[in-house]
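In case you want the letters, here they are:
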4 protein chains.
Amino acid sequence: MRAAVLGASGYTGGELLRLIALHPELELVYATSREYAGYPIHYVHPGLRPFYRGVRFEKLELSRALEADVVFSALPPGVGVRIVAELYEHGVQVVDLSPDYRLKDPELYRRLYGFEHPYPDLLERAVYGLPEAFRDRLRGARLIAVPGCNATAVILAALPLVRWELVDGLLVADVKASSSEAGSKPRRADHHPEREGSLRPYSPEGHRHAFEVEQALSMATGREVKVSVVPHAVPAVRGVLASVHAVLRDGAGPQDVARAYAEAYAGEPFVNLVAGGRYPDAKNVVGSNYAEVGYAVELRVGRVTGFAAIDNLVKGAAGQALQAFNVSRGLPEDAGLKVPPLRP
Amino acid sequence: MRAAVLGASGYTGGELLRLIALHPELELVYATSREYAGYPIHYVHPGLRPFYRGVRFEKLELSRALEADVVFSALPPGVGVRIVAELYEHGVQVVDLSPDYRLKDPELYRRLYGFEHPYPDLLERAVYGLPEAFRDRLRGARLIAVPGCNATAVILAALPLVRWELVDGLLVADVKASSSEAGSKPRRADHHPEREGSLRPYSPEGHRHAFEVEQALSMATGREVKVSVVPHAVPAVRGVLASVHAVLRDGAGPQDVARAYAEAYAGEPFVNLVAGGRYPDAKNVVGSNYAEVGYAVELRVGRVTGFAAIDNLVKGAAGQALQAFNVSRGLPEDAGLKVPPLRP
Amino acid sequence: MRAAVLGASGYTGGELLRLIALHPELELVYATSREYAGYPIHYVHPGLRPFYRGVRFEKLELSRALEADVVFSALPPGVGVRIVAELYEHGVQVVDLSPDYRLKDPELYRRLYGFEHPYPDLLERAVYGLPEAFRDRLRGARLIAVPGCNATAVILAALPLVRWELVDGLLVADVKASSSEAGSKPRRADHHPEREGSLRPYSPEGHRHAFEVEQALSMATGREVKVSVVPHAVPAVRGVLASVHAVLRDGAGPQDVARAYAEAYAGEPFVNLVAGGRYPDAKNVVGSNYAEVGYAVELRVGRVTGFAAIDNLVKGAAGQALQAFNVSRGLPEDAGLKVPPLRP
Amino acid sequence: MRAAVLGASGYTGGELLRLIALHPELELVYATSREYAGYPIHYVHPGLRPFYRGVRFEKLELSRALEADVVFSALPPGVGVRIVAELYEHGVQVVDLSPDYRLKDPELYRRLYGFEHPYPDLLERAVYGLPEAFRDRLRGARLIAVPGCNATAVILAALPLVRWELVDGLLVADVKASSSEAGSKPRRADHHPEREGSLRPYSPEGHRHAFEVEQALSMATGREVKVSVVPHAVPAVRGVLASVHAVLRDGAGPQDVARAYAEAYAGEPFVNLVAGGRYPDAKNVVGSNYAEVGYAVELRVGRVTGFAAIDNLVKGAAGQALQAFNVSRGLPEDAGLKVPPLRP
């Protein structure tokens with residue numbers, strides 16, 4: 001199948017190119033970059049030199065994108081909302097890694113992302129690309145909205161607690177995020193001398209990912225849930241760890257928690273359940289589409305925490321995009337993705 | 001005044017030596033190390049070479065320690081519990097950086113640290129060395145128990161919320177801790193290739209520091225409070241950030257929170273209150289005794305978070321020891337400590 | 001083909017397991033570890049959990065190793081010297097990642113590694129596993145001695161300069177090495193708080209790899225050459241960069257240097273020649289078997305520097321082992337190795 | 001004495017402010033920033049909040065600068081060349097941390113820095129601010145040109161070898177530089193995800209610092225010397241290590257080298273000579289004005305290497321500026337600078 005990548009010079013775009021090079025059914029036919037159009041791909045992604053010799057970034061044009069069977073869009077929020085709709089209308093499958101089609105409520109785009117959503121009807125048709133929660137809906141899906149990296153980690157950590165009604169009240173998702181989350185554009189806060197050694201919260205008064213987390217957890221479990229997402233910048237390059245803290249429901253105990261996680265993730269090809277005195281570590285999944293998921297219960301105070309560690313650029317973006325694509329096409333779910341993480 | 005440092009070859013001990021070298025009233029007369037007795041100090045702490053030329057680590061002997069006016073003990077938990085008591089009985093002031101005299105309830109030593117406390121009566125006389133909460137008790141104190149690094153950060157972050165009764169229910173302190181917290185002894189989990197890039201919880205089923213946090217918050221405010229401490233290893237060398245999450249009490253709002261923090265820390269020489277859309281960052285205090293404290297309120301879900309960032313080896317250990325010592329002796333509280341952090 | 005890995009719990013061993021999982025022709029039948037015999041592989045290498053479910057480390061026994069078609073030995077220097085010989089005598093192919101069979105002169109083992117080599121005759125039969133220099137000798141090889149990581153980088157950087165006689169006098173190879181080179185065993189110098197931020201030479205009075213570098217360059221070019229290897233510890237986890245400085249031969253110029261590198265590496269599947277104002281970066285090859293090679297000429301002083309950047313655990317160890325194995329068996333040289341690096 | 005800092009919002013400027021706060025004889029009366037004029041100092045340098053409460057960056061005006069007794073200029077190359085001359089003409093002492101007055105040959109400014117030097121006569125009067133080489137000339141100096149960070153490290157490493165004529169031919173200075181050397185302005189190459197894990201040369205065809213190194217070594221020793229400076233970016237935030245490689249002169253041996261270093265640095269207050277199987281480490285001097293200097297001899301190939309490790313922002317910039325200032329004014333050379341490094 002012919003694949004196109006829109007916004008291919010950023011970190012998520014580069015990761016899509018890396019994974020497409022490993023995918024047995026995909027061939028890259030088109031890669032766009034506003035900033036680097038005309039440059040060879042290896043100018044920006046030097047490690048991809050042997051995989052895309054002679055291939056160059058191009059400008060974004062609908063006609064070129066229409067030559068693909070599937071288009072992966074890694075454009076910034078709001079930038080690709082129209083071309084995604086046009087491709088969809090022309091019958092091209094779109095896997096959108098931006099937030100543009102994640103939320104069902106069009107009103108939220110105005111509040112959170114500052115634009116009026118031009119295709120509110122399409123929001124209903126888009127499928128949230130988290131196979132662990134929405135595998136059935138993904139089969140045959142033609143418009144897939146890939147979850148955000150923080151959202152993916154939070155949902156994987158919280159899903160069993162919500163589904164089995166093990167918690168009361170608010171879930172507080174304390175997220176530890178690495179620097180590649182912020183993208184490839186240099187800025188003061190992520191300048192090496194500033195970011196290295198830094199431990200600090202950002203957007204702690206309310207993070208946009210909370211809305212897709214609540215929506216996804218409600219749709220997946222049929223229960224209403226309130227989630228607060230508090231991200232923190234820590235000095236790693238790849239990886240995100242979500243620690244979702246909540247008050248354990250009266251009467252629930254460690255065995256209930258253990259059972260919930262075991263059942264929720266039995267048979268999941270990309271979830272490694274970590275238990276027995278061990279806990280997830282983002283380092284264990286770097287470079288791979290795997291998630292480490294675990295939990296801890298402190299009975300003295302009735303607190304439960306669900307943990308999930310992923311590589312923000314793989315299971316949190318490009319890898320999940322391919323996993324959801326595989327499901328949508330009936331391919332083996334791990335096609336091109338059964339690659340071990342890099343450690344140490 | 002003549003100062004001794006017990007356990008001077010570890011990270012906390014080295015930091016005591018570094019700060020004593022800057023203190024106008026202290027002169028080092030004795031530094032012990034079991035492992036490095038006989039070696040010059042700069043063999044272990046190369047940067048201290050110009051400050052302690054010819055000075056060597058010695059073995060631990062009561063008679064030598066008795067020559068000091070004040071003894072700073074950085075021995076491991078349980079190891080110094082007797083010599084501290086003996087020095088105290090002989091009239092020597094002791095500033096103990098271990099947990100051995102922090103808790104009032106002797107029973108907790110059996111449960112948390114695995115030893116029967118031999119001087120339960122002394123526990124009552126020890127003063128918890130956190131000037132921001134117990135400045136008055138510290139004046140004239142002859143036995144000071146310096147708080148743990150995680151505990152210091154959590155208490156500073158939570159104190160205003162508890163004192164002004166702004167929260168309901170459990171406080172969850174999600175702590176991000178750097179590698180120097182684990183001490184200078186090599187072990188697999190802190191081996192450079194393992195720790196770099198790692199984002200993971202540790203002791204998430206109940207951390208020992210929760211007990212001293214609860215005790216200190218209760219003593220300082222007169223209110224009962226339940227705190228859960230969930231530490232996480234992140235790949236920084238120095239610094240700890242505590243994010244204390246709680247449900248905002250019904251009726252309380254952002255102004256109440258802002259006022260509580262402003263009042264709690266007005267005039268505090270080592271607390272920098274960070275507000276107005278900015279938040280604490282551990283990087284901003286590295287190498288110094290300063291704490292950055294701040295807060296965030298998410299009204300949508302009724303969540304408040306208090307933040308505190310400190311250097312775990314300074315405000316979380318050696319610096320706080322000197323600050324408490326200064327208070328106990330009526331010296332200027334910032335004597336030897338008015339040193340800016342290192343940044344970047 | 002059935003593959004065994006001796007010493008599989010270390011970093012090099014883990015990397016062999018990771019790459020074998022990706023190799024189309026190899027199946028792991030045996031993995032040994034003295035320390036972790038009986039434990040599942042994912043206990044030590046958590047990221048490999050989905051690839052070796054139920055597989056456990058075993059003790060080292062000749063009989064078990066004889067069941068393999070090829071044995072990759074990642075044992076420490078001197079530890080595997082006998083079993084390697086025994087396997088070879090029994091007709092099993094051995095790819096030895098230790099230094100035990102790299103040097104032709106048995107005397108050097110006493111001087112450099114402190115043991116009398118028990119099989120001096122075998123040294124002559126072992127083939128140095130650097131395909132870029134010894135591809136022809138590797139075809140059909142039954143005993144392959146995989147070069148050291150520093151040696152690989154230095155040789156790749158220097159080979160064109162030596163072969164085309166572009167330099168006069170001593171080559172000084174200034175090597176920047178990451179922490180995983182030191183192996184998985186914790187020690188003070190590589191403790192995270194010690195190693196992070198550290199920039200320091202080690203073994204600067206003469207590094208053992210110099211001997212295999214000189215031997216390999218001489219054998220590959222027919223010229224005598226003196227090389228000094230000066231390694232430095234820098235705070236990265238993976239990757240090594242060799243900067244080989246030399247005085248440019250009278251009459252030689254930038255074009256000669258450019259031509260030498262271009263000709264030396266034309267058609268090499270794993271060498272990316274970086275030129276035109278760009279230079280190699282170890283970050284560009286992390287996780288992959290690729291090398292970035294480049295050069296710089298400063299005419300003002302007549303200095304030339306050859307650069308090579310590799311991942312010390314892949315092209316510097318496990319990846320090169322598989323590449324050499326592929327050549328020895330007539331498999332496609334990049335079988336199992338055509339995997340892009342991870343970046344950022 | 002009243003001090004002004006021009007260009008106070010960058011890393012070097014911030015470090016000047018940090019050190020001035022510790023200096024017993026200096027009081028800050030003026031700090032400029034083009035970008036942050038009007039903002040409080042702690043907006044850019046949060047750690048300095050308790051030291052400069054209420055102080056704001058101002059625009060650069062000659063009249064304001066003339067109120068100072070000494071002006072420290074940390075402006076970019078070429079930007080401050082005129083105001084420095086004007087201040088000097090008005091009798092204000094200037095300590096210039098830019099390269100604008102380092103070189104004696106005006107022609108070099110056109111070639112290396114791209115501008116015609118407007119005050120060639122002043123170049124002769126400026127004193128190169130390296131007390132270890134030019135202490136006598138610095139006494140009473142009214143215009144001090146502070147050496148570059150790489151140059152400082154290279155000169156300290158090489159000086160004994162040149163002075164005692166222990167080497168033949170070219171000196172190759174292989175420099176390992178941390179990210180704060182590049183300044184506070186974000187750019188792609190120093191973006192955290194790019195720089196972390198990166199090991200790469202930069203400007204390897206000829207670095208500008210080579211000229212001031214050659215000039216300084218010649219002036220200090222009376223001997224002609226050729227030095228090639230090859231810098232490398234490594235992922236540390238502070239610190240630079242220079243490894244100066246050369247061929248040992250015929251007949252010279254390890255004892256000659258040891259004696260040269262011992263004599264060269266006997267009594268130097270900020271040079272720690274590291275010998276006896278130990279070598280310099282940039283980590284050992286972070287945050288301080290100290291340099292670690294050492295050497296290694298490999299007799300087998302006749303190679304000698306001099307090493308020097310400094311904090312690029314202190315001994316490589318702001319600290320050295322204050323040290324040279326202290327000498328110029330007859331103050332104790334270590335006034336305000338006798339502060340231990342931060343370690344770990």
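Nothing here was measured: the structure is a model prediction, and the numbers come from that model.

So what's going on with the overall build of chain A? Which residues, and what values?
A tally of helices and strands in chain A yields 12 helices and 13 strands. Since a compact globule built from 344 residues should have a radius of gyration of about 20 Å, the 19 Å found for chain A is in line with a globular shape. Taken along its principal axes, the extent of the C-alpha atoms in chain A is 60 × 45 × 40 Å. By residue count, 69% of the 344 residues in chain A fall in the buried class.

Run through the side chain of Asp96 of chain B, naming residues and quoting values.
The residue Asp96 of chain B is located in strand E4 (residues 93–96) in this model. Not counting the four nearest positions on each side in its chain, Asp96 of chain B is found in contact with Ser73, Val84, Tyr101, Ile144, Ala145 and Val146 of chain B.

Before we move on, could you go through the sheet that holds strand E4 (residues 93–96) of chain A and cite the residues and values that matter?
Each strand in a sheet pairs with its neighbour through backbone hydrogen bonds, running either in the same direction (parallel) or in the opposite one (antiparallel). Residue and element names in this part refer to chain A. The six strands lie next to each other as E2-E1-E3-E4-E6-E5, forming an open sheet whose pairing is parallel. Every other strand in the sheet has two partners, leaving strand E2 (27–31) and strand E5 (127–128) as the edge strands with one partner each. Judged from the two bridges that link them, E5 and strand E6 (residues 143–145) form a sheet pairing that is parallel. The residue bridging Val127 from the neighbouring strand is Ile144, located in E6. Packing against the sheet, helix H1 (residues 11–22) makes contact with strand E1 (2–6), E2 and strand E3 (70–73), and its axis sits at approximately 165° to E1.

So, the pairing of strand E2 (residues 27–31) of chain B: which residues are in play, and what are the values?
Residues and elements named next belong to chain B. Inspection of the sheet shows strand E1 (residues 2–6) paired to E2 by four bridges, in the parallel sense. Across the sheet, residue Ala3 finds its bridge partner in E2, namely Leu28. Each parallel crossover has a hand, and the one from E1 via helix H1 (residues 11–22) to E2 is right-handed.

How would you sum up the relation of the copies chain B and chain A? Please name residues and give values.
The transformation that overlays chain B on chain A combines an axial shift of 0.0 Å with a rotation of 180°, and the residual RMSD is 0.0 Å. Both copies of the chain, as the preceding transformation shows, are related through a two-fold rotation axis. Among all residues of chain B, the minimum C-alpha distance to the rotation axis is found for Pro235 of chain B, at 3.1 Å.

I'd like a rundown of the relation of the copies chain A and chain C, residues and numbers included.
You can overlay chain A on chain C at an RMSD of 0.0 Å; the transform is a turn of 180° with a shift of 0.0 Å along its axis. Taken as a fraction of all interface residues of chain A, those also at the interface in chain C reach 100%, which identifies the copy contact as same-surface.

How would you sum up the nonpolar core? Please name residues and give values.
Residues Leu17 and Phe72 of chain A together with Leu17 and Phe72 of chain C are the most contacted members of the largest nonpolar core, which totals 80 residues. Excluding residues that lie within four positions of it along the chain, Phe72 of chain A makes contacts with Ala3, Ala4, Val5, Leu6, Leu16, Ile20, Leu26, Val95, Leu97, Ala321, Leu322 and Phe325 of chain A.

I'd love a proper account of the sheet that holds strand E8 (residues 200–201) of chain D, names of residues and values included.
Residue and element names in this part refer to chain D. Pairing in this open sheet of seven strands is mixed, and the strands run E8-E9-E7-E10-E13-E12-E11 from one edge to the other. Edge positions in the open sheet fall to E8 and strand E11 (271–273), since each of these has one partner strand only. Of the strand pairs in this sheet, strand E10 (residues 240–248) and strand E13 (residues 303–310) are connected by eight bridges, and their pairing is antiparallel. In the strand pairing of E13, Val247 is matched with Arg303.

Tell me about the packing of helix H8 (residues 149–163) of chain C against helix H11 (residues 254–265) of chain C, and please be specific about residues and values.
Residue and element names in this part refer to chain C. Packing of H8 against H11 leaves a shortest axis separation of 8 Å and a crossing angle of 120°. The angle between H8 and H11 falls in the class oblique. In the crossing of H8 with H11, the sense of the turn from one axis to the other is right-handed. Together, Ile155, Leu156, Ala157, Leu159, Pro160 and Leu161 of H8 and Val257, Ala260, Tyr261, Ala264 and Tyr265 of H11 make up the contact between the two elements. Its residues assigned to classes, the contact of H8 with H11 comprises 11 nonpolar, no polar and no charged.

Please set out the domain arrangement of chain A residue by residue, giving values where relevant.
All names here are of chain A. Considered domain by domain, chain A is made up of domain 1 (2–125) and domain 2 (150–312). Taking only C-alpha atoms into account, the centre of domain 1 sits 27 Å from that of domain 2. Between domain 1 and domain 2, the residue contacts involve 12 residues of the former and 11 residues of the latter. Of the roughly 1,000 Å² buried between domain 1 and domain 2 on both sides combined, carbon and sulfur atoms contribute 54%. Sorting the residues of domain 1 by area buried against domain 2 places Tyr11, Arg102 and Leu112 first, and these three jointly supply 44% of that buried surface. Counting every contact that joins domain 1 to domain 2 gives two salt bridges. Note that Arg238 and Glu15 form a salt bridge whose closest N and O atoms lie 2.8 Å from each other. Applying the counting rule to domain 1 against domain 2 returns six residue pairs in polar contact (both at pLDDT 80 or more). Those elements that place two or more of their residues in the side of domain 1 that touches domain 2 are H1 and helix H5 (106–113). If you tally residues by element for the side of domain 1 that touches domain 2, the top one is H5, at four residues.

Describe the environment of Arg110 of chain B, with residues and values.
Residue and element names in this part refer to chain B. Residue position: Arg110 is located in helix H5 (residues 106–113). With a relative accessible area of 41%, Arg110 lands in the partly exposed category. Distance in space between the C-alpha atoms of Arg110 and Ala153 is 25 Å, their sequence separation being 43 residues. When near neighbours in sequence (up to four residues on either side) are disregarded, Arg110 contacts Phe115 and Glu116. For Arg110, the side chain forms a polar contact with the side chain of Glu116, separated by 2.5 Å.

An account of the packing of aromatic side chains is requested, with residue identities and associated values reported.
Counted under the stated rule, the structure contains 44 aromatic pairs over all chains. Taking NZ or CZ as reference, Arg142 of chain A lies 4.4 Å from the ring centre of Tyr88 of chain A, over its face.

Would you mind going over the interface of chain A and chain C in detail, with residue names and values included?
Facing the 35 residues of chain A at the interface are 35 residues of chain C. When chain A packs against chain C, the two sides together hide about 2,900 Å² of surface, and 62% of this comes from carbon and sulfur. Of all residues in chain A, Pro340, Leu342 and Pro344 of chain A give up the largest surface area on contact with chain C, accounting jointly for 21% of the area buried on that side. Linking chain A with chain C are zero salt bridges, by the criterion used here.

Give a description of the interface of chain B and chain A that names residues and reports values.
With 47 residues of chain B at the contact, the number on the chain A side is 47 residues. Between chain B and chain A, a total of about 4,000 Å² is buried, with carbon and sulfur atoms accounting for 56% of that surface. Considering only the side of chain B, the residues that lose the most area to chain A are Leu199, Glu205 and Arg300 of chain B, jointly responsible for 18% of the buried surface there. Inspection of the chain B/chain A interface yields eight salt bridges. Of the charged contacts, one joins Glu214 of chain B and Arg300 of chain A as a salt bridge, the two residues approaching to 3.0 Å between their closest N and O atoms. Connecting chain B to chain A are 34 residue pairs in polar contact (both at pLDDT 80 or more). Every element with two or more residues in the side of chain B that touches chain A is listed here: strand E7 (167–177), helix H9 (192–195), strand E8 (200–201), helix H10 (209–221), strand E9 (227–233), strand E10 (240–248), strand E12 (291–298) and strand E13 (303–310) of chain B.

Requested: an account of the packing of H1 of chain B against helix H12 (residues 314–329) of chain B, with residues and values cited.
Residue and element names in this part refer to chain B. For the pair H1 and H12, the least separation of the axes is 9 Å and the interaxial angle reads 45°. Classed by the angle they form, the pair H1 and H12 counts as oblique. As for how H1 packs across H12, the hand of that crossing is right-handed. Taken together, the residues of H12 that come into contact with H1 (itself represented by Thr12, Glu15, Leu16, Arg18, Leu19 and Ile20) are Val314, Ala317, Ala318, Gly319, Ala321 and Leu322. The class makeup of the residues in the contact of H1 with H12 is eight nonpolar, two polar and two charged.

Conventions and cut-offs
Residues numbered from 1 in each chain as written. Chains lettered and ligands numbered in written order. Predicted model: local features only at pLDDT ≥ 70, side-chain atom pairs only at ≥ 80, totals over all residues. Heavy atoms only, no water. Helix = DSSP H or I, 4+ residues; strand = E, 2+ residues; numbered from the N terminus. Rg over C-alpha atoms; globule rule 2.2 N^0.38 Å. Buried < 20%, exposed > 50% of the residue type's maximum accessible area, 1.4 Å probe, protein only. Contact = heavy atoms within 4.5 Å. Pairing = 2+ DSSP bridges. Axes fitted to C-alpha atoms, helices over the stretch in contact; angles between N-to-C directions. Right-handed = clockwise from strand over helix to strand, strands pointing away. Least-squares fit on C-alpha atoms with pLDDT ≥ 70 in both. Core = buried A, V, L, I, M, F, W, Y, C linked by side-chain atoms within 4.5 Å. Parallel < 35°, antiparallel > 145°, perpendicular 65-115°, else oblique. Left-handed = near helix turned anticlockwise from the far one by under 90°. Nonpolar A, V, L, I, M, F, W, Y, C, P; charged D, E, K, R; others polar. Domains from an automatic or database assignment. Buried area = accessible area lost by both parts, 1.4 Å probe. Salt bridge = Lys/Arg side-chain N within 4 Å of Asp/Glu carboxyl O. Polar contact = N/O pair within 3.5 Å; in protein donor to acceptor, adjacent residues only side chain to side chain. Phe/Tyr/Trp six-rings, centres within 6.5 Å; stacked < 30°, edge-to-face > 60°. Lys NZ or Arg CZ within 6 Å of the ring centre and 35° of its normal.

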